[in-house]
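# Reading the structure
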Amino acid sequence: MVYSGITSDRTMRGQVLLFFSVLRLSFVLGQVSYSIPEEMQKGSLIGNMAKDFGLDVKRLKSGKARIFTPGSDEYIELNNERGVLLIKGRIDREALCGQTTPCALHFQIILENPMEFYSVTIEITDVNDNPPFFEKNNVKFRISETAVSGAKFILDRAVDHDVGINGLQTYKLEPTENFVVKLYDQADGTKNVEMVLEKPLDREKNEHLSLVLTAVDGGEPQMTGTMQILITVLDANDNAPVFTQPIYKASMKENSPVGTVVVTVTATDADHGSNGRITYSISSILDHGRGLFEINDESGEVRLKGNVDYEKARTFQINIRASDEGGLVDSCKVIIDIIDMNDNKPYIHIMSKSNVISEDAKPGTVVTMINIQDADSGENGKVQCTMNDNIPFVMKSTTNDFYSLITDSGLDRETSSQYNITVTCSDEGVPSLSSSVTLTLQISDVNDNAPVFERSSYEAYIVENNTPGLSIFTVKARDADWNQNARVSYILEESSVNGVPVSSYVSVNADSGVIHAVRSFDYEQIKDFQFRVKAQDGGSPPLSSNVTVKIMIQDQNDNPPQVLYPVQTGGSLVAEMVPRSADVGYLVTKVVAVDVDSGQNAWLSYKLQKATDRALFEVGLQNGEIRTIRQVTDKDVVKQRLTVIVEDNGQPSRSATVIVNVAVADSFPEVLSEFTDFTHDKEYNDNLTFYLVLALAVVSFLFITCLVVIISVKIYRWRQSRILYHSNLPVIPYYPPRYSDTLGTGTLQHVYNYEVCRTTDSRKSDCKFGRAGSQNVLIMDPSSTGTMQRIQNEKSILDEPDSPLEVRYSFHLYCSQQYNQTHTVGQTFMILQAAQIKDALTTEHYTLDHHTVTGF
């Protein structure tokens with residue numbers, strides 16, 4: 001043990017004596033003890049805990065170091081930044097421990113991640129901060145003057161809350177003419193104070209005496225307390241009371257009711273009268289027993305006045321004084337032993353605990369550290385702890401009263417995601433007392449479960465000719481983990497079907513597992529295929545599982561029957577011969593057909609749809625055999641034409657027809673001559689069909705052409721009317737020959753015929769003009785009032801092959817105009833120019849007011 005210290009003096013303003021010692025390391029990782037004086041200032045250094053335990057300051061921070069002090073106030077604080085222990089609050093040794101020595105504080109320092117704790121003991125040393133004092137300021141004695149020298153008088157002891165050298169050391173009595181003070185050591189370490197008469201009293205000299213008893217401690221500086229002793233000198237009383245025994249022993253149970261008689265003391269006095277009347281009183285009692293007991297001053301019964309607790313004090317010692325009326329006294333000692341009762345249940349302190357633990361925690365992992373205390377003693381203080389059954393945890397005792405809750409086996413969150421651990425601690429008292437605490441522990445998830453499909457394999461059906469994107473069915477996988485670890489994604493594994501990637505057939509929704517068809521399936525091309533779907537969770541690393549999915553294509557009646565026999569050819573004619581001697585049931589031929597569909601969609605039935613003679617032949621419904629149903633006669637025609645329809649059994653059904661040519665003849669030449677015409681008829685029918693189709697196409701073309709032409713003419717006429725209406729051509733007055741004007745009305749009574757002719761297959765034009773008297777073009781302007789312009793027709797230009805004004809179409813232009821007597825020349829007009837004729841190349845017929853133009 002190593003000690004170091006700093007001297008403290010109460011007069012030196014806050015400087016205190018600091019003792020600290022480092023003891024042996026023990027209990028888990030170690031134990032350290034320090035020694036400090038009481039009344040140190042707040043924030044004073046106690047010791048460097050980190051250095052003494054060999055810990056790094058970083059470890060204190062990462063482990064969230066803290067102080068655990070069960071059942072007591074916190075006087076000490078831990079500075080994690082420096083790793084030192086400091087005074088947190090005022091420490092009064094007398095209030096904390098009373099007269100108990102040594103006085104110490106016990107606490108643990110808890111660290112987490114991993115969980116550790118260290119035990120620290122701090123001894124609180126006493127300083128001389130309490131002076132001795134007497135419970136009574138004065139005490140009175142009545143002493144007979146006949147009292148002999150050596151007579152003893154018991155005085156009340158002084159009380160000093162300090163201990164050791166600072167406690168009460170001695171007494172002084174002043175004045176000392178008649179009395180001296182003597183001290184007598186007791187077995188319990190205390191001292192009885194007696195005042196001894198050395199010189200006889202003389203009532204005639206001093207009837208009353210006043211003495212001062214001073215109690216002195218051994219501290220530095222020395223402190224004292226006083227009590228005044230008042231003595232009345234009486235006449236002679238020569239017999240003092242005497243107790244029947246010097247020491248009385250008694251026992252009682254703790255928690256006994258108030259008023260319980262503990263013991264009765266008895267004293268006798270040989271005197272008579274008032275000098276023999278005895279009065280009992282308590283002269284002294286230790287501090288922890290003050291106020292707990294009282295004595296009947298007449299009977300000497302010691303009764304319980306307060307509540308006694310075995311856990312606070314196990315023994316009480318009382319000094320009883322017996323005095324008579326003459327002032328003589330005697331004393332005895334009463335020792336009371338307290339019997340422990342099982343009145344304290346175990347107390348469970350949770351030192352440190354984890355609320356969450358991973359399911360992959362290894363066996364032996366510390367979950368919680370527990371401190372268990374029972375204030376009772378003996379069997380009443382022995383504690384046994386149990387937990388609820390069927391949980392993977394056990395309690396392990398590390399040292400006395402300290403337990404660790406550790407994992408006993410592997411954890412599985414999927415089996416149990418939470419544990420309510422009830423720890424019950426019971427003592428061995430009668431009756432037994434117990435207490436319990438419930439710890440709730442959550443198990444955090446680890447990705448230790450792969451997704452599991454609901455089925456080991458899947459089969460699904462889809463009808464052929466489906467719509468791409470159609471949902472076929474859903475695969476479902478479940479993951480027993482939680483949260484992100486249980487989030488399942490579905491992935492289509494790469495594979496091929498007939499050399500084609502499976503992803504071109506189906507797709508899988510990553511979230512829902514819905515399988516969609518990517519394409520339209522054809523039963524006749526593929527009847528079934530299989531692939532694998534992987535379910536993968538969202539853990540890290542992810543876990544996955546696979547399942548095989550088989551898609552079955554269901555047939556649909558989408559193919560008509562196909563006739564294999566008889567073969568239908570376009571250029572030659574095949575006929576079956578039936579002799580005229582054929583009997584009923586004669587097999588003529590057999591229609592053979594197949595259907596590429598399956599199931600009932602491929603079940604074929606044969607029916608005779610048309611026949612030259614329906615009374616002669618029949619077709620087998622199932623086998624397609626064509627047989628005669630009566631005797632063939634000479635009256636039956638040679639050429640027999642049968643139309644057989646082949647139907648499947650689908651819904652709706654599909655069919656195919658076949659024409660069977662049958663020749664009823666006995667010789668081949670007869671058949672050949674007959675079927676030559678048959679072939680011609682067939683060719684005739686084929687040609688007729690061709691011509692009908694061609695005629696329909698021509699008529700449709702002509703109708704559309706006429707419609708387009710009519711629309712074009714309407715548009716052209718509208719454009720021409722707009723051009724003529726807005727024309728501003730000048731008008732030169734001109735009067736042609738044979739023009740006569742009657743009464744100035746300007747009437748024109750001539751008809752002018754113009755004819756333009758052109759060949760349909762030549763770029764050149766032959767122009768022929770029908771004139772009335774001269775080769776003129778008549779132009780009339782409605783804006784004029786009687787003027788006409790004569791323009792020479794430039795015929796040479798139209799006749800030239802390379803002229804830009806060459807007219808490429810033939811027209812027959814007929815212009816006719818009649819004028820009434822009341823019309824003026826200026827009220828009629830017509831403008832014909834070569835450019836306008838060229839613009840009207842596509843026009844076949846149009847009308848301008850009274851002018852009609854027709855193209856051929």
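Remember, it's a predicted structure, so these values are computed and weren't measured experimentally.

Analysis parameters
Residues numbered from 1 in each chain as written. Predicted model: local features only at pLDDT ≥ 70, side-chain atom pairs only at ≥ 80, totals over all residues. Heavy atoms only, no water. Pairing = 2+ DSSP bridges. Helix = DSSP H or I, 4+ residues; strand = E, 2+ residues; numbered from the N terminus. Axes fitted to C-alpha atoms, helices over the stretch in contact; angles between N-to-C directions. Disulfide = S-S within 2.5 Å. Buried < 20%, exposed > 50% of the residue type's maximum accessible area, 1.4 Å probe, protein only. Salt bridge = Lys/Arg side-chain N within 4 Å of Asp/Glu carboxyl O.

### Considerations on the sheet that holds strand 8 (residues 103-111)
Taken together, the four strands give an open sheet; going across it, the order is 3-9-8-5, and neighbouring strands pair in mixed fashion. Looking at the sheet topology across the chains shown, the edges are occupied by strand 3 (31-37) and strand 5 (66-68). With strand direction ignored, the average angle separating the axes of adjacent strands in the sheet is 30 degrees. The pairing of strand 8 with strand 9 (residues 116-125) spans nine bridges and is antiparallel. Within strand 9, the position partnered with Cys103 by the bridge is Ile124.

### Brief notes about the state of the cysteines
A covalent bond between the sulfur atoms of two cysteines is what we call a disulfide. Under the criterion given, the structure shown has two disulfides. A sulfur-sulfur distance of 1.8 Å marks the disulfide that ties Cys97 to Cys103. Where Cys97 bonds to Cys103 through sulfur, the torsion about that S-S bond is close to 65 degrees, and the disulfide is right-handed. With its sulfur 2.2 Å from that of its partner, Cys385 forms a disulfide with Cys425. Residues Cys385 and Cys425 are joined through a disulfide that is right-handed, its torsion about the S-S bond being 105 degrees.

### So, the environment of Ile357
Examined against the element boundaries, Ile357 turns out to sit in strand 27 (residues 356-358). Here Ile357 falls in the buried class, since its relative accessible area comes to 8%.

### A closer look at the pattern of salt bridges
Taken as a whole, this structure holds 20 salt bridges when the rule is applied. Residue Glu116 is joined to Arg59 by a salt bridge in which the shortest nitrogen-to-oxygen separation is 3.4 Å. Taken together, the positions of Glu116 in strand 9 and Arg59 in helix 2 (residues 57-62) put the pair 57 residues apart, joining distant regions of the chain. What makes Arg59 buried here is its relative accessible area of 17%. When salt bridges that share partners are traced, they join Glu39, Arg90 and Asp92 into one network.

These results come straight from atomic positions and should not be treated as a statement about function.
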